Amino acid sequence: MGKEKYYNFQDILKILGFDYEFGRADKIYPFNRGKENVHFSWGQIIIPKYGIWKMVKNKISDIEEETISEIKMIYNIPFYEKTKKEGMCGVISKNINLSFRYDKEYKYGDISKSIYEVCFWILEHAKRTNDFYIITDDMIQEFMSYYVINNQCGLGSLDVSSPCVEKMD
């Protein structure tokens, strides 16, 4: 197996299709403002807690039961658009799905990490809330580089939320 590539945030934005969004004829906000006018934050990846811990527990206990067969997540990427005096901000949400269909690698791509390895990484590195794991800061590049992009992943819908900006009195 070859050496895995580490992707920086610029690479990740391209892989998520942001270049495509800026180049479309029917651009949606903020992609209609031009690359030079939109700044993106690293954001956060949110993964439902259900099944992650149990997958690792079952694996180390030699229990064959799989509680989940794929890992679904949402990557929230905040942005700031600087063409107006006050500036505008919002969040871009991108669905990402990791599947582990060994019988369909020819169709869906190679599997470089097992579901157990991904679940274990999440347990070790993500922040825990009541119902979700949250991956933030520089862990985003590591997770995307070694566990998502080079694995059997699928990119889903992209949603932009940019409500009115208000200053707190």
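As shown above, the structure is provided for reference.
Because the structure is predicted, anything quoted here is derived from the model rather than measured.

K.L.:
How should I be thinking about the layout of surface pockets in this particular structure?
P.N.:
It is a probe the size of a water molecule, rolled over the atoms, that shows where empty space is left. Here the largest pocket is characterised by a volume of approximately 180 Å³. Residue assignment for the lining of the largest pocket shows that the elements contributing at least two residues are helix 1 (9-15), helix 2 (18-23) and strand 1 (38-40). Considering every element that reaches the lining of the largest pocket, the biggest residue donor is helix 1, with four residues. When the residues that make up the lining of the largest pocket are grouped by side-chain class, the tally is six nonpolar, one polar and three charged.

K.L.:
I tried to follow the packing of aromatic side chains on my own but got confused; where do I start?
P.N.:
How two aromatic rings sit relative to each other is set out by the distance from centre to centre and by the angle between their planes. Scanning the model with the defined rule gives nine aromatic pairs in all. Summarising the aromatic geometry, the rings of Y6 and Y146 are spaced 6.0 Å apart at their centres and angled 50° between planes, so their arrangement reads as tilted. One end of the pair, Y6, is in the segment before helix 1; the other, Y146, is in helix 6 (residues 139-149), and 140 residues separate them in sequence. Classification of Y6 as partly exposed rests on a relative accessible area of 43%. A residue is classified by how much of its surface remains accessible, and Y146, at 23% relative accessible area, is partly exposed. Residues W121 and F143 carry aromatic rings whose centres are separated by 5.0 Å and whose planes lie at 25° to one another, so their mutual orientation is stacked. Highlighted residues: W121 in helix 5 (residues 115-125) and F143 in helix 6, separated in sequence by 22 residues. Assigned by exposure class, W121 and F143 land together as buried. Taken together through their ring pairs, the aromatic side chains of F18, F22, F31 and F40 make up a single cluster. Over the face of the ring belonging to Y133 we find K49, whose NZ or CZ atom lies 5.7 Å from the ring centre. Its guanidinium or amino end placed over the ring of Y147, K113 lies 5.4 Å from that ring's centre, counting from NZ or CZ.

What counts as what
- Residues numbered from 1 in each chain as written.
- Predicted model: local features only at pLDDT ≥ 70, side-chain atom pairs only at ≥ 80, totals over all residues.
- Heavy atoms only, no water.
- 1 Å grid on protein atoms, 1.4 Å probe; cavity = no way out; pocket = protein on both sides within 12 Å on 5 of 7 lines; lining within 4 Å.
- Points joined across faces, edges and corners; volume = space filled by probe spheres on them.
- Helix = DSSP H or I, 4+ residues; strand = E, 2+ residues; numbered from the N terminus.
- Nonpolar A, V, L, I, M, F, W, Y, C, P; charged D, E, K, R; others polar.
- Phe/Tyr/Trp six-rings, centres within 6.5 Å; stacked < 30°, edge-to-face > 60°.
- Buried < 20%, exposed > 50% of the residue type's maximum accessible area, 1.4 Å probe, protein only.
- Lys NZ or Arg CZ within 6 Å of the ring centre and 35° of its normal.

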